[in-house]
Amino acid sequence: MNFDWLYVLEILPELLDATLITIRIALSGYLVALILGLAFAFARMSQNRMISTIVWAFSECIRLTPILVQLFFAYYVLPEIGIKLPAEPTGILVIGLHYGTYISEVYRSGIRAVSTGQWEATIAMSLPRPRVWLKIILPQAIRPMIPALGNYLIQLFKEVPLLSTITVYELLNTANLLAGSSFKYLEALTLVGVIFLALSYPSSLFFKHLEAKNVNDY
């Protein structure tokens, strides 16, 4: 089995374009996850027992079912009841929702890590709630959350190839199409693995550095 380097150079530009699409999807899905995760965290900490229970049950359902099943349900089942979106937005929303349920737990742990003295001080000073959250609580809670949030970003990035199952032309799907026309799967899929490794490994080292720095600072 010979590795065709000329073929690698031939398909590399197209795979790099698909890599940009993959990165775009990952970052968009991550942004959705950050927003939904914060909303879920606030709902879980709500004093309204009904709201907290409903969000907990919904989050458990999302976490305990495969993301691939959720993709198929959103893309193939929801259109039957009138909810239809293009493949890429569907994938972004499903990935964002799935990881939002996990990120909500990161938010909750970070918020709960803020010392009770900070909460008591805000109550004693009668500060308005928006100012308490934006100026006091969240800035202190976010710092220890950064390593965990970074790890979820890397994990989410590696889930993007699942979107190929709903016809999104990201990196893996593009490589499969190229390999299918030339029957050179070794080169195409090896290149996909190398690209994912080249993007994920430095990111992993960076967030591990942040985690170590955070531990040392504390």
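Refer to the structure printed above.
Below: a short report on this structure. Keep in mind it's a predicted model, so treat the numbers as computed, not measured.

This part takes up the layout of surface pockets. In this structure, the largest pocket encloses a volume near 300 Å³. Gln70, Ala74, Leu78, Val94 and Leu97 are, among the 15 residues lining the largest pocket, the residues nearest its centre. At the level of secondary structure, the elements contributing two or more residues to the lining of the largest pocket comprise helix H1 (5-44), helix H3 (67-77) and helix H4 (87-112). Partitioning the lining of the largest pocket into residue classes produces 12 nonpolar, three polar and no charged. Reported here for the second largest pocket is a volume of approximately 180 Å³. Taken together, Ile23, Ala26, Leu27, Leu153, Ile154, Phe157, Leu199, Ser200 and Ser203 make up the lining of the second largest pocket. Counting only elements with at least two residues in the lining of the second largest pocket, the list comes to H1, helix H6 (129-159) and helix H8 (185-217). Looking at the lining of the second largest pocket, its residues break down into seven nonpolar, two polar and no charged.

Along the chain, Gly150 falls in helix H6. You can call Gly150 buried: its relative accessible area is 3%. Apart from residues lying up to four places away in sequence, Gly150 is in contact with Tyr30 and Phe207.

Let us now look at the environment of Thr165. Inspection of the secondary structure assignment puts Thr165 in the loop between H6 and helix H7 (171-182). Note: C-alpha distance between Thr165 and Arg131 (34 residues apart in sequence) is 44 Å. Excluding anything up to four places from it in sequence, Thr165 contacts Leu68, Phe72 and Tyr76.

Of note, the phi angle at Thr167 is positive, near 70°, even though the residue is not glycine. As for its position among the elements, Thr167 is in the loop between H6 and H7. You can call Thr167 partly exposed: its relative accessible area is 40%. The backbone of Phe183 sits at a positive phi, close to 60°, despite the residue not being glycine. Mapped onto the elements, Phe183 comes out in the loop between H7 and H8.

This part covers a nonpolar patch on the surface. Together, Leu68, Phe72, Phe73, Tyr76 and Val77 make up an exposed nonpolar region whose accessible area comes to about 430 Å². Note on placement: Leu68 falls in helix H3. Look at Leu68 and you get partly exposed, because its relative accessible area is 31%.

The next subject is the packing of H3 against H4. Between H3 and H4, the shortest axis-to-axis distance is 10 Å and the interhelical angle comes to 140°. Considering the angle they form, H3 stands oblique to H4. Of the two possible hands of crossing, H3 and H4 adopt the one that is right-handed. Contacts between H3 and H4 involve Ile67, Gln70, Leu71, Ala74 and Tyr75 on the former and, on the latter, Ala87, Thr90, Gly91, Val94, Ile95, His98 and Tyr99.

Turning next to the nonpolar core. One finds Ile11, Leu15, Ile95, Tyr99, Ile103, Ile137 and Leu171 to be the most contacted residues of the largest nonpolar core, which totals 49 residues. Secondary structure elements with two or more residues in this core: H1, H3, H4, H6, H7 and H8. Not counting the four nearest positions on each side in its chain, Ile95 is found in contact with Ile67, Leu156, Val160 and Leu163.

Attention now goes to H6. Taking 1.5 Å per residue, 31 residues should reach 45 Å; H6 reaches only 37 Å between its end C-alpha atoms and comes up short. At Met145, H6 shows its maximal kink, close to 50°; a proline, Pro147, follows between one and four residues later.

Now for the packing of aromatic side chains. Evaluation of the coordinates by the stated rule reveals nine aromatic pairs. The rings of Phe72, Tyr75 and Tyr76 are connected pair by pair, giving a single aromatic cluster.

Here is what the cut-offs are and how they apply
Here the residue index of a chain counts from 1 through its sequence in written order. At least 70 in pLDDT is required for a residue's local features to be given in this predicted model, at least 80 for side-chain atom pairs to be given and counted, and no such filter applies to totals for whole chains, interfaces and linings, which use all residues. Here the side-chain values reflect all heavy atoms present in the structure, with hydrogen atoms and water set aside. In this analysis a 1.4 Å probe is tested at points of a 1 Å grid over the protein atoms alone, and where it fits but cannot get out there is a cavity; an open set with protein on both sides within 12 Å along at least five of seven lines is a pocket; lining residues have an atom within 4 Å of a point. Grid points are joined across faces, edges and corners, and a volume is the space filled by probe spheres set on the points. A run of DSSP states H or I qualifies as a helix once it reaches four residues; a run of E qualifies as a strand once it reaches two. Both are numbered from the N-terminal end. When residue character is reported, Ala, Val, Leu, Ile, Met, Phe, Trp, Tyr, Cys and Pro are called nonpolar, Asp, Glu, Lys and Arg charged, and the others, Gly included, polar. Burial here depends on accessible area, computed with a 1.4 Å probe over protein chains only, as a share of the maximum for the residue type. Under 20% is buried, over 50% is exposed, and the range in between is partly exposed. Pairs of residues are marked as contacts when any of their non-hydrogen atoms sit within 4.5 Å. Only residues above 30% relative accessible area that lack a salt bridge enter a patch, with like-charged residues linked at up to 9 Å and the nonpolar side chains Val, Leu, Ile, Met, Phe, Trp and Tyr linked at up to 5 Å. Per-residue and other accessible areas were derived by the Shrake-Rupley procedure at a 1.4 Å probe size, with only the shown protein chains allowed to occlude residues. Think of a salt bridge as a Lys or Arg side-chain nitrogen and an Asp or Glu carboxyl oxygen that are within 4 Å of each other. Inter-axis angles, ranging from 0 to 180 degrees, are taken between N-to-C directions of lines fitted to C-alpha atoms, where helices are fitted over the stretch in contact. Roughly parallel means an angle under 35 degrees; roughly antiparallel, over 145; roughly perpendicular, 65 to 115; everything else is oblique. Put simply, a crossing is left-handed when the front helix is turned counterclockwise from the back one by less than a right angle, and right-handed when it is turned clockwise. Residues grouped as a nonpolar core are buried Ala, Val, Leu, Ile, Met, Phe, Trp, Tyr and Cys residues, joined through side-chain atoms within 4.5 Å. By definition here, a helix of n residues has an expected span of 1.5 Å times n minus one. The quantity called bend is, for any residue, the angle between two axes fitted respectively to the seven residues ending at it and the seven beginning at it. Pairing of aromatic rings covers Phe, Tyr and Trp, the last counted by its six-membered ring, and requires centre-to-centre distances within 6.5 Å; plane angles under 30 degrees mean stacked, over 60 mean edge-to-face, and any other angle means tilted.

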